[in-house]
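An overview of the molecular structure
Now for the letters of each chain:
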Amino acid sequence: MIDCHFHVWTQDVSTPKKRAERAEQFRREADVLGIDRTCLIGEIGDTVDACKEHNRTVAKFVEEHPDLFYGWARIHPALGEQSVAEFRRAVEEDGLVGLKHHFLGTEINITDPEFAPLVEAAIDMDVPIISHVMQNEEPYPSERPSEARSEDVVELATQYPDLTLISGHISAGGNWEYRIKNIAPHDNVYLDLSGSNCEVGQLELAAEYLGVDRLLFGTDTWLSVCAGKLDAANLPPAERATIAYNFEHLLHDGVENRLSDDERERRIEQKTDRFAALDEPYEEEIVDANAYIGRWPFHPFDASAEDLLETMDRNGVDRAVVSSLEALFYRDPQHGNHELVDDIQGHGDRLIPFATIDPTFPSWEADLRHCVEELGMRGVRLFPAYHDYEIDAPESKALLRHCVDLDVPAMIVPALEDQRGRHPRVELRHFEGMGQAKHWRANEGKIDELIDLLLAVPEADVVVAGAWSAGARIIRETTTVNRQDVRLHNAIRSGRTLLIIDDLFCYWTQTQGRDIVEGIGTDHLVMGSKLPLKYFESFYNYTKHLPVTETEKNRVRSENVLELLDE
């Protein structure tokens, strides 16, 4: 697989040894995920000399590690004729593949007249331009007026039909359905499939409207997630393999380390076999701790009980902890709980129901008891953002205490979709402004509230989703005795404290995965892929490639959550 979109993001690139550290980090990940090489994106400068220095750095990566890297040129469009000259030099002398444009650092849109000379140079050299593109709802367009949207891609592609234009990261956030359909009529636009958002259906829709020949594999440095998307896409293995190597067709003759036609075809055949093997269900026992049933109001995911079971069978998931999607949006979530029980009737051996409870809604205590004692629900999920209360509100603490009394675990969940792509008429608590959920972001103070809640009811068994980089801190401050200066913090939890591993990684299964194992431990981890809303492989990759023994992986795959449920 050839990754068309990867950032250098390395603090010290001054020596071959320093550059080799980044190369070896990438190689470890690539070997595990089946990625052959990637196209590096460097930094951008305010002067021609600074831009040249960054371009030369990328070229050095390629020269020193030709089996791993290609490289994009970057240049500030406001530098006029000098920018064009440096772009040409980077392509013709350094062998870089084309131009990467991002509005950050330039504040110039791809349709701006200042950008036009670079477009004309790209056409003249027959090299592509890859542009950062998003399709976010407000406040993004107002706060980022120079950020390219699909409308800008269409305008530029129409104005320059001979330009090869790559629309960057279809799923880094925003409305991917809109973007796909908007650019579909423009044959000179390719779509980079990278991005952190892993909602099911995006690759299949892109293939339907653009055809597989206009799709490019990319990661935007989210290696594990994006490799998983292509692995899991509901496309024939041969089509996935074609996508994996399409970027090779866009490389000009001056790219000395590009694959020969024969070598490319050989690798496509190998990847076809690999994708076919991945289509076989996993044999190890897998219990998904974070799955859902019902209807999602913004996209028709296959979320009936029968559909979910079919998805589980296809991936080799033995059992799943499920709750109602409708319960997030009903004024009274209890309606969704009753529907869930009806939906999963006859599938109790595989689908484990958790009630959705809003502790600010009247009579929630009786509803919870009814769900557990009458409906046979095995736990509770809390959705503070959807039901509009604070994480550490008195009602949250009361709900956890009731869970203790009923001897059932609780799971705290932030959001089920990337908020950059949310419906414009839906706003959730803690999602103000731009960015992801702020529930458990350390710099937003929400991590303190979550820890306060966990310590307020220490005997409750709790699973935390969406912990991101705060996972180690949550475990450290709630489950271990911690000496800070002269104060000994020994008020620790007696209940189980588990984290969804699929919300902890950002980019690297090997580097960050090792940090997670050391800082959290496999006894505190469960896997939960948000089936059927997300591509299973994108999240199962976190467990599958965790740098621990198979015995320890089994703790994460199934054993921890089954112990939580006394099974």
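To be clear, the structure that these remarks concern was listed above.
To keep things clear, this report deals only with the structure shown in the data block. Throughout, residues of each chain are indexed from 1 in the direction in which the sequence is written. The predicted nature of this model means local features are confined to residues of pLDDT at least 70 and side-chain atom pairs, given and counted, to a pLDDT of 80 or more, with totals for whole chains, interfaces and linings taken over all residues. The side-chain numbers reported here are obtained from all heavy atoms of the structure, hydrogens and water having been left aside.

**A closer look at the environment of Arg-422**
Basically, it comes down to this: To qualify as a helix, a DSSP run of H or I must reach at least 4 residues; to qualify as a strand, a run of E must reach at least 2; elements of each kind are numbered from the N terminus. A 3.5 Å cut-off defines polar contacts: any pair of N or O atoms within that distance qualifies, except that in protein one atom must be a possible hydrogen donor and the other a possible acceptor, and neighbouring residues in sequence count only when both atoms are side-chain atoms.
Mapped onto the elements of the fold, Arg-422 is located in the loop between strand E13 (410-412) and helix H17 (446-456). Remark: the alpha-carbon pair of Arg-422 and Phe-298, spanning 124 residues in sequence, is separated by 8.5 Å. Among the polar contacts listed, one links the side chain of Arg-422 to the backbone oxygen of Val-426, at a separation of 3.4 Å.

**Re the nonpolar core**
Note the threshold: Among the buried residues, those of types Ala, Val, Leu, Ile, Met, Phe, Trp, Tyr and Cys that are joined through side-chain atoms within 4.5 Å form a nonpolar core. Partly exposed describes any residue whose relative accessible area lies between the buried limit of under 20% and the exposed limit of over 50%, with all areas from a 1.4 Å probe on protein chains only and scaled to the type maximum. What makes two residues a contact is simply this: any of their non-hydrogen atoms within 4.5 Å.
Core analysis: the largest hydrophobic core is formed by 159 residues, its most contacted members being Phe-87, Phe-247 and Leu-351. With near-sequence residues (within four places) excluded, Phe-87 lies in contact with Ala-73, Ile-75, Gly-98, Leu-99, Leu-118, Ala-121, Ala-122, Met-125 and Val-127.

**So, the pattern of salt bridges**
Basically, it comes down to this: Within this document, salt bridges are pairs made up of a side-chain nitrogen of Lys or Arg and a carboxyl oxygen of Asp or Glu, the two lying within 4 Å of each other.
Applying the stated criterion across every chain yields a total of 37 salt bridges. Two residues, Asp-94 and Arg-56, come together in a salt bridge whose shortest N-O distance is 2.7 Å. Here the residue Asp-94 occupies a position in the loop between helix H3 (81-92) and strand E4 (99-101), and Arg-56 occupies one in helix H2 (residues 48-64), the gap between them amounting to 38 residues. By relative accessible area, Arg-56 is classed as partly exposed at 24%. Two residues, Glu-92 and Arg-88, come together in a salt bridge whose shortest N-O distance is 3.9 Å. Highlighted residues: Glu-92 and Arg-88, both in helix H3, separated by four residues, approximately one helical turn.

**A word on the sheet that holds strand E7 (residues 189-192)**
Rules: Pairing between strands is defined by DSSP: at least two bridges between the two strands are required. Angular values range over 0 to 180 degrees, each being the angle between N-to-C directions of two axes fitted as lines to C-alpha atoms, with helices fitted over their stretch in contact.
Strand order in the open sheet formed by five strands is E4-E5-E6-E7-E8, with parallel pairing between adjacent strands. If you trace the sheet from one side to the other, it starts and ends with E4 and strand E8 (215-216), each paired once. Where helix H7 (residues 176-183) meets the sheet, its contacts fall on strand E6 (165-167) and E7, and the angle it forms with E7 comes to roughly 160 degrees.

**Observations regarding the pairing of strand E12 (residues 379-382)**
Stated precisely, the cut-off is as follows: Seen with its strands pointing away from the viewer, a crossover is right-handed if its path from the first strand over the helix to the second goes clockwise.
Burial along E12 is two-sided: Gly-379 and Arg-381 facing one way and Val-380 and Leu-382 facing the other are all buried. Strand direction decides the pairing type here: strand E11 (residues 351-356) and E12, joined by three bridges, are parallel. Across the sheet, residue Thr-356 finds its bridge partner in E12, namely Arg-381. Since E11 and E12 lie parallel, the crossover through helix H14 (residues 364-374) that links them has a hand, and here it is right-handed. Sheet topology places E12 next to E13; three bridges connect them, and they run parallel. Residue pairing across strands places Arg-381 opposite Met-411, the latter belonging to E13.

Treat this as a map of the structure, not an account of what it does.
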